[in-house]
Structure formats: structure tokens, C-alpha cells
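So the chains spell out like this:
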Amino acid sequence: MPPHAPTDDGPAPAPAHHPHTTTTAERGSFALARCSCGWSGPARRSRDRARTDAAAHTADAGTGLPD
């Protein structure tokens, strides 16, 4: 086989799974959830609700459902 000939090693490996890493940030009296994928939740007055938004986004990302 010539040194530069393509080989058939089977299908290409699947791309690495990038986990969604969420954080909450405060902007004035509001809290919002953000994700490493670029998603950002709505501004909330409740930090707990912002954390719930982040958890829901992470769960939805694992199922492939749109946010």
C-alpha cells in the first residue's frame, strides 16, 4: 500500500461528550443561570428558582430536548 493511501479503519469515533456546566450569577437584585454551552436562563428574583432553571437545563440537555 502506498504511504499516503487512505485506510478504512471503520467509522470515525464519536465526538467527545461535552457536559453542560451550569452556574448562577447575580445581576443587581436578580439571579440567573448560565451554562457552558451558551444557554442563559431568565433573570429571577429567587436564587433558588435560578438554580432550578439550571437543573432543568442540564436534565433537558441530557435528553436532547430543546430548552
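Everything numeric here is computed off the predicted structure, so don't read it as measured data.

Notes on the environment of Ala 43
Logical step 1: Locating Ala 43 in the fold gives a position in the loop between strand S2 (30-35) and helix H1 (47-63).
Logical step 2: Dropping the residues within four chain positions of it, Ala 43 is found in contact with Phe 30, Ala 31 and Leu 32.

A short note on the pairing of strand S1 (residues 22-27)
Logical step 1: Relative to S2, S1 runs antiparallel, the two sharing 6 bridges. Its bridge partner lying in S2, Thr 22 is registered against Cys 35.
Logical step 2: The hairpin turn running from S1 into S2, its antiparallel successor, is 2 residues long, and Gly 28 in that turn takes a positive phi close to 65°.

Topic: the environment of Thr 24
Logical step 1: Relative to the helices and strands, Thr 24 resides in strand S1.
Logical step 2: Note: C-alpha distance between Thr 24 and Arg 34 (10 residues apart in sequence) is 6.1 Å.
Logical step 3: If we ignore the near neighbours within four places in the chain, the residues touching Thr 24 are Leu 32, Ala 33, Ala 50 and Arg 51.

Points about the environment of Pro 19
Logical step 1: Positionally, Pro 19 belongs in the segment before S1.
Logical step 2: Its relative accessible area of 53% is what places Pro 19 among the exposed residues.
Logical step 3: Along the backbone, Pro 19 and Ala 61 are 42 residues apart, and their C-alpha atoms lie at a distance of 8.8 Å.

Definitions and cut-offs
Residues numbered from 1 in each chain as written. Predicted model: local features only at pLDDT ≥ 70, side-chain atom pairs only at ≥ 80, totals over all residues. Heavy atoms only, no water. Helix = DSSP H or I, 4+ residues; strand = E, 2+ residues; numbered from the N terminus. Contact = heavy atoms within 4.5 Å. Pairing = 2+ DSSP bridges. Buried < 20%, exposed > 50% of the residue type's maximum accessible area, 1.4 Å probe, protein only.

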